[in-house]
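Take a look at the letters that make up each chain.
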Amino acid sequence: MTKVDVLIAGAGAGGICAALAAARSGARVLLLEKADQIGGTGVHSPVSLICKFHGTDHRPVNLGIHRELFPFAYLHSTQDFRPQALRLTYDERELYQRYLMLLSAEPLLTVRTGEGVQSVHRDGSRIGHVITDLGREIAARVFIDATANGNLSAMADCRAMKGREGDGALQSATLVFGMGNVDVQKLKVAEFKTRGGLASLWRELSDLYRKAKKEGRTRNPKSSVVAFPYPDGKRLLFNSNEVTGVDPTVPGAEEASKEKGRELVQELIEILREHPAFENATVEFVANKMGIREGRRILGDYILTEQDCLGEARFDDMVAACAYEIDIHDPGGGPTRMVNIPGSGYYHIPYRSLVAADAENLLLGSRCISGTHEAHSSYRVISGVSAVGQAAGTAAALAVRYANGDVRAARPEWIRFVLREQVQFVEGNVYSPPGWKTPYSE
Ligand SMILES: Cc1cc2nc3c(=O)[nH]c(=O)nc-3n(C[C@H](O)[C@H](O)[C@H](O)COP(=O)(O)OP(=O)(O)OC[C@H]3O[C@@H](n4cnc5c(N)ncnc54)[C@H](O)[C@@H]3O)c2cc1C
């Protein structure tokens, strides 16, 4: 049996940040990804937009690994809403390279792709080991579920929540695609990199789209066209269809939904071609992976709510913060509900929401943390999930070093101390763990 300090399942934004943080804090880490490549949603169903990570006063509330992923974004403020402000976006190929570079720099970290967790074996209140789909048995002192949909936790029989209260319906899914060679001179505003230019593009394309929709030329329930520029200002990523009723926890459902997604993509491309600027535009790619917004949310020691987000919650056990809006893509495909975080513009995410209620040594390190459907719609973005992952990885390393893997014994003040050492944004008291030395200073 292979033995490590921390085993992390899932190498999306959350899992990668968890792995980097745990290894940087001195733990021997194994990161398992069932797909052939690391990167998860942000790379294989690219999303383009760097979502809000500044408070209303323009101070970043995520200064952690997120900054290493998107350094250029820190030269701007995501709270700058002037028409001439840039829409901050990323190129998934660059993000992928950056992930690889950061992961390969950590001597205590091993990454395996094409090998997922297939079953989880408990030893009373603890998880003892997992078996991978290659048949390997791996024991760890702490496990981190970074599978987005809470797959590892479900295999460990942990309680989970799914969808909105009442009917359990999940946010819609989207198949994204990219287009290039757009003739910007034929747009009303001849660029789409700025907020003003992009808003003008959306209006022009949405007018065309709504007309086509009235004429019955698309079955896409979405009410308008949404696209974001790549950083080069030459290509666009379309996040512009709503595929409803996709439950990623049902085997085969995600794969089956791609067919519907492809039909909606094709319909939209044909409509776009009617605009002179898109007459000769090229389809750069259609994602091979369906973009899934929501799956299981694992029950933790605390359930973060919409009231917490909109009430700018401040928790004694904060280990991460998030500034992104409540952003619910309607499960039925209707209009998206977006609500800004008021006042300071951000809320705390408590450590208890990262601690799975039903195990002693399991942390949640991706969008499957413990929160309601509404709260999840906010912290699920890369800025939120990367902060969650970094906190989970740091806590896991501390639990290994000081408490034989009991994650509840990792004190939030210690976690914040180590996060702050890594320059992450934290608020509240910080205490150095006993005898703590930054691994890199030894
Ligand atoms: C269409 C769409 C548009 C979006 N737009 C934006 C946006 O503009 N900006 C933004 O910041 N966010 C956006 N988001 C949200 C954001 O991209 C994701 O929520 C976030 O990237 C999720 O990161 P994650 O680490 O939680 O999960 P993921 O990136 O999904 O990673 C989970 C990984 O776990 C792996 N896995 C699953 N099961 C196992 C297993 N048993 N063993 C091992 N590995 C496993 C999966 O293969 C996957 O690689 C969007 C999401 C969608 C779907």
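About the cut-offs
- Residues numbered from 1 in each chain as written.
- Predicted model: local features only at pLDDT ≥ 70, side-chain atom pairs only at ≥ 80, totals over all residues.
- Heavy atoms only, no water.
- Pairing = 2+ DSSP bridges.
- Helix = DSSP H or I, 4+ residues; strand = E, 2+ residues; numbered from the N terminus.
- Axes fitted to C-alpha atoms, helices over the stretch in contact; angles between N-to-C directions.
- Contact = heavy atoms within 4.5 Å.
- Disulfide = S-S within 2.5 Å.
- Phe/Tyr/Trp six-rings, centres within 6.5 Å; stacked < 30°, edge-to-face > 60°.
- Lys NZ or Arg CZ within 6 Å of the ring centre and 35° of its normal.
- Near = heavy atom within 4 Å.
- Polar contact = N/O pair within 3.5 Å; in protein donor to acceptor, adjacent residues only side chain to side chain.
- Areas by Shrake-Rupley, 256 points an atom, 1.4 Å probe, with all protein chains shown as cover.
- Buried < 20%, exposed > 50% of the residue type's maximum accessible area, 1.4 Å probe, protein only.

Strand order across the open sheet formed by 4 strands is β9-β10-β8-β11, with antiparallel pairing between neighbours. The open sheet terminates on both sides in strands that have one partner only, identified here as β9 (227-229) and β11 (282-286). Across the sheet, the axes of successive neighbouring strands diverge by a mean angle of 25 degrees, strand direction being ignored. Alignment of strand β8 (residues 177-180) against β11, held across 4 bridges, turns out to be antiparallel. Bridge pairing links F177 to V286 in β11. Helix-sheet contacts for helix α6 (residues 195-214) involve β9 and β10 (236-238), and the interaxial angle to β9 is about 145 degrees. Against the sheet, helix α7 (residues 253-272) touches β8, β10 and β11, its axis set at about 20 degrees to β8.

As enumerated under the stated definition, the model contains 0 disulfides in all. Looking at the unpaired C17, the closest cysteine sulfur is the one in C322, lying at 14 Å.

Take the packing of aromatic side chains next. Under the definition given, this model contains 8 aromatic pairs. Ring centres of Y346 and F425 lie 5.7 Å apart, and the angle between their planes is 85 degrees; on these two criteria the pair is classed as edge-to-face. Within this pair, whereas Y346 is found in the loop between β15 (337-339) and β16 (347-350), its partner F425 is found in the segment after α11 (412-421), the two being separated by 79 residues in sequence. Above the ring of Y230, the side-chain terminus of R235 is found at 4.2 Å from the ring centroid. Of note, R314 hangs over the ring of Y346, and the distance from its end group to the ring centre comes to 4.0 Å.

Before going further, it helps to spend a moment on the site of the ligand. Around the ligand sit 32 residues in total, of which E33, T41, L49, R380 and I382 are the nearest. One of the backbone nitrogen or oxygen atoms of G10 is found 3.5 Å away from a nitrogen atom of the ligand. Relative to its unbound accessible area of 1000 Å², the ligand is 95% covered by the protein chains. The set of elements that each furnish at least two residues to the shell around the ligand consists of α1 (13-24), β2 (29-33), α2 (41-44), α5 (151-155) and α10 (382-403).

This part covers the side chain of S153. Within the secondary structure, S153 is located in helix α5. Setting aside its immediate chain neighbours within four residues, S153 contacts D145, C158, I298, L362 and L364.

Next up on the list: the side chain of N239. Relative to the elements of secondary structure, N239 occurs in the loop between β10 and α7. Taking relative accessible area as the criterion, N239 reaches 16% and is therefore assigned buried. Within polar-contact distance, the side chain of N239 engages the side chain of R293 at 3.2 Å. Apart from the residues lying within four places of it in its own chain, the contact partners of N239 are T174, V176, K222, V226 and R293.

Take the environment of A227 next. By the element assignment, A227 lies in strand β9. Classification of A227 by relative accessible area gives buried; the value is 0%. For A227 and G332, which are 105 residues apart along the polypeptide, the C-alpha to C-alpha distance reads 21 Å. Leave out the neighbours within four places in its chain, and A227 touches L198, W202, L236, L237 and F238.

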